[in-house]
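# Remarks on the overall topology
So you can see what is in the structure, the chains are spelled out below.
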Amino acid sequence: MRAHRGFPNTAALGLTALLLAGCVATPSEALPGSETTETAGGASTSAVATPLPTSSPFPIGPSVSTTALPDDCRAILSGTVVTELEHVPLNAPGMGGGIRPDSSRVCVWGEPGALATRLVTVIGYSPEREALDALFALANDGFTCYEPSGGVRCEKTWTSDTLSIEQGRTLFYRDGVIVDTEFSNLAPVGYTTAIIRSLWPEG
């Protein structure tokens with residue numbers, strides 16, 4: 001494993017704490033299914049899932065992990081967050097939400113075609129070395145990175161140059177799984193924290 005210098009403005013990463021003993025989960029093994037099947041939480045399978053066009057996608061691939069990926073975009077949120085999103089469509093047609101061929105889950109909250117106001121979360125397996133390299137690069141690009149809940153969290157917000165609205169990205173990596181959320185004018189309080197508590201209820 002390549003050694004990293006510490007993240008800017010954070011303590012040194014406890015890299016070995018991020019990996020737990022478990023099986024190797026590959027994208028093709030994580031969740032079999034057709035590209036047209038819908039699940040109860042609005043997470044239908046989809047061959048195309050387009051994130052917000054603000055940054056590069058996070059590396060997805062085989063990972064050593066004991067964490068199962070979620071099947072329901074609503075079930076991983078707290079009641080308070082669900083209430084905040086009550087009138088926002090989830091994985092509407094044409095918005096790119098669902099389950100990708102690489103097994104990553106994509107939850108897209110927003111009106112169809114309303115690119116200025118939406119919330120996109122990608123949850124998938126990510127190999128440790130590539131994931132930590134990507135997080136290190138984000139830290140050098142102005143993201144604030146720290147180590148809560150047994151993982152690494154990086155986040156950044158900014159104002160759109162063209163729309164004058166708040167946009168941002170929050171990422172959390174733990175046990176070979178990345179939770180990568182980008183938002184534009186839609187940021188429910190406690191959204192990422194609710195997902196973390198759902199995926200890792202043991203704390």
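This one's a predicted model, so the numbers in the text were calculated from it and none came from an experiment.

When the terminal C-alpha atoms of helix H4 (residues 128-139) are compared, their 16 Å separation across twelve residues agrees well with the 16 Å that a helix rising 1.5 Å per residue should span. Taken as a whole, H4 has its buried residues at Glu128, Ala131, Leu132, Ala134, Leu135, Phe136, Leu138 and Ala139.

Turning next to the pattern of salt bridges. Following the criterion strictly, the structure yields five salt bridges and no others. Of the charged contacts in the structure, one is a salt bridge between Asp180 and Arg169, with a shortest N-O distance of 2.7 Å. Of this pair, Asp180 sits in strand S9 (residues 177-184) while Arg169 sits in strand S8 (residues 166-174), and the two are eleven residues apart along the sequence. Note that Arg174 is salt-bridged to Glu202, the shortest N-O span being 3.1 Å. Placement of Arg174 in strand S8 and of Glu202 in the segment after helix H5 (191-199) is noted, with a sequence separation of 28 residues between them.

Time to look at the nonpolar core. If you look at the biggest cluster of nonpolar residues, it comprises 24 residues, and the most contacted ones within it are Leu77, Leu85, Trp109, Leu119, Ile123, Tyr191 and Ile195. Broken down by element, the residue count for this core peaks at five residues, all from H5. Excluding anything up to four places from it in sequence, Leu85 contacts Leu77, Trp109, Leu119, Leu186, Pro188 and Tyr191. Membership of the second largest hydrophobic core comes to 14 residues, among which are Ala134, Leu135, Ala139 and Cys154.

Analysis parameters
- Numbers given to residues run from 1 along each chain, matching the order in which its sequence is written.
- The predicted origin of the model limits local features to residues at a pLDDT of at least 70 and limits the giving and counting of side-chain atom pairs to 80 or more, whereas totals for whole chains, interfaces and linings rest on all residues.
- Hydrogens are left out, water is left out, and the side-chain values use all remaining heavy atoms of the structure.
- Secondary structure follows DSSP: runs of H or I at least 4 residues long count as helices, runs of E at least 2 residues long count as strands, and numbering of each begins at the N terminus.
- Any helix carries an expected span of 1.5 Å times its number of residues minus one.
- Three exposure classes are used, based on accessible area relative to the maximum for each residue type with a 1.4 Å probe and protein chains only: buried under 20%, partly exposed in between, and exposed over 50%.
- We count a salt bridge whenever a side-chain nitrogen from Lys or Arg sits within 4 Å of a carboxyl oxygen from Asp or Glu.
- Only buried Ala, Val, Leu, Ile, Met, Phe, Trp, Tyr and Cys residues count toward a nonpolar core, and they belong to the same one when joined by side-chain atoms within 4.5 Å.
- Contact between two residues is taken to exist if any of their heavy atoms lie within 4.5 Å; hydrogens are not considered.

Remember that the coordinates give geometry; whether it matters functionally is a separate question.
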